[in-house]
Amino acid sequence: MTTIGNAPAQSAPLTESDVPALPGRTMAQRELQDWVNELAKHPELWEHHINHEGGRRHYASVYRDSNIDVWLLCWNTEDDTGWHDHDISSGAVAVTHGAVSEANPRMNGEPVHRVVKAGRSFTFGPDHVHRMVGAFDGSVSIHAYSPPLWRMGQYSIGPSGVIRRMSVSYADELRPMDEQSLVEKSTDRQLI
């Protein structure tokens, strides 16, 4: 198991026999969401990766094969991914503890915000640009991507509104590239 981001390796990697059944191909958004919701029901497979200590964001690769990439992310309110996309991958996120805030950029306007609480999930396609933060300290989410992540686009939005995209490796830690964090801007949130 690849553990990244200030969390110690805890156990051997999960195998295909450990995780919910997989179709052996790239998954559609809805089936990816159903799959991550099923994994969320089995905390014995991933809860040992939960870590909110040390003042840094913790995240761990839980499972990866040629069709899916699965990560566990631990969130506190100061954790902020910055604006990003997932290149050619669709994704699904299941929130297992607390809540996460997602924002989507909007031309000529403030970003659209929503808060996703524990027990809820959402999905998105490869064209989706967003930014995520922990809505509460101690939040946890499971993210699944199909096809597996190889690279992502990270964005900065300058004071004049000019948007720039930088291609980054899937293993790079996402963080804000612009001047103002989502935590400072997020005031209007839609609960789901």
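Residues numbered from 1 in each chain as written. Predicted model: local features only at pLDDT ≥ 70, side-chain atom pairs only at ≥ 80, totals over all residues. Heavy atoms only, no water.

Before going further, it helps to spend a moment on the overall build of the protein chain. For the protein chain, the count of helices and strands is two helices and 13 strands. Burial status across the protein chain gives 48% buried among its 192 residues. A separation threshold of at least 6 residues defines the contact pool for the protein chain, and within that pool the share at least 24 residues apart is 71%. Carbon and sulfur atoms provide 49% of the accessible area of the protein chain, an area that totals close to 9,100 Å². (Helix = DSSP H or I, 4+ residues; strand = E, 2+ residues; numbered from the N terminus. Buried < 20%, exposed > 50% of the residue type's maximum accessible area, 1.4 Å probe, protein only. Contact = heavy atoms within 4.5 Å. Areas by Shrake-Rupley, 256 points an atom, 1.4 Å probe, with all protein chains shown as cover.)

The three strands lie next to each other as 4-11-12, forming an open sheet whose pairing is antiparallel. Here the strands that pair on one side only, and so sit at the sheet edges, are strand 4 (83–85) and strand 12 (163–169). Put simply, the sheet's adjacent strands are angled 30 degrees from each other on average, direction ignored. (Pairing = 2+ DSSP bridges. Axes fitted to C-alpha atoms, helices over the stretch in contact; angles between N-to-C directions.)

Next up on the list: the packing of aromatic side chains. For the structure on display, the rule yields three aromatic pairs. Ring geometry for Tyr 59 and Trp 71: centres 6.1 Å apart, planes at 45 degrees, overall tilted. Of the two residues, Tyr 59 is situated in strand 2 (residues 58–64) and Trp 71 in strand 3 (residues 69–75); the sequence distance between them amounts to 12 residues. Exposure class is identical for Tyr 59 and Trp 71. Each is buried. Aromatic side chains Phe 122 and Phe 124 sit 6.2 Å apart centroid to centroid with 40 degrees between the ring planes, which places their arrangement in the tilted category. The pair formed by Phe 122 and Phe 124 is uniform in burial state, with each residue classed as buried. Lying over the aromatic face of Trp 150, Arg 64 brings its terminal NZ or CZ to 4.3 Å of the ring centre. Lying across the ring of Phe 122, Arg 114 places its NZ or CZ 4.5 Å from the centre. (Phe/Tyr/Trp six-rings, centres within 6.5 Å; stacked < 30°, edge-to-face > 60°. Lys NZ or Arg CZ within 6 Å of the ring centre and 35° of its normal.)

The next subject is the side chain of His 143. Relative to the elements of secondary structure, His 143 occurs in strand 10 (residues 139–146). Among the residues examined, His 143 registers a relative accessible area of 2% and is labelled buried. Separated by 3.3 Å, the side chains of His 143 and Tyr 145 make a polar contact. In contact with His 143, other than residues within four places in its own chain, are Asp 69, Val 70, Trp 71, Leu 73, Trp 75, Ala 92, Val 93 and Met 132. (Polar contact = N/O pair within 3.5 Å; in protein donor to acceptor, adjacent residues only side chain to side chain.)

Put simply, the protein chain has an average pLDDT of 85, and 84% of its residues get 70 or more. Counting interchain partners and residues more than four positions distant, the pLDDT-below-50 stretch residues 1–10 has 32 contacts. A low-confidence stretch, residues 180–191 (pLDDT under 50), is modelled with 27 contacts involving residues beyond four sequence positions or located in other chains. (pLDDT = per-residue confidence, 0-100.)

As for its placement among the helices and strands, Ser 121 is situated in strand 8 (residues 121–124). Of the polar contacts made by the side chain of Ser 121, one reaches the side chain of Gln 33; its length is 2.9 Å. A polar side-chain atom of Ser 121 sits 3.0 Å from a polar atom in the side chain of Asn 37. Residues within four places of Ser 121 in sequence aside, it is in contact with Gln 33, Asn 37, Val 93, Ala 94 and Val 116.

Ranked by size, the top nonpolar core spans 21 residues in total, and within it Trp 35, Ile 68 and Val 70 carry the most contacts. When residues of this core are traced back to their parent elements, those giving at least two are helix 1 (29–40), strand 2, strand 3, strand 5 (90–97) and strand 10. Per element, the largest residue contribution to this core is four residues, and it comes from helix 1. If sequence neighbours within four positions are ignored, Val 70 has contacts with Trp 35, Leu 39, Ala 60, Ser 61, Val 62, Tyr 63, Ile 142, His 143 and Ala 144. Residues Val 93, Val 100, Phe 122 and Val 168 belong to the second largest nonpolar core, which totals 16 residues. (Core = buried A, V, L, I, M, F, W, Y, C linked by side-chain atoms within 4.5 Å.)

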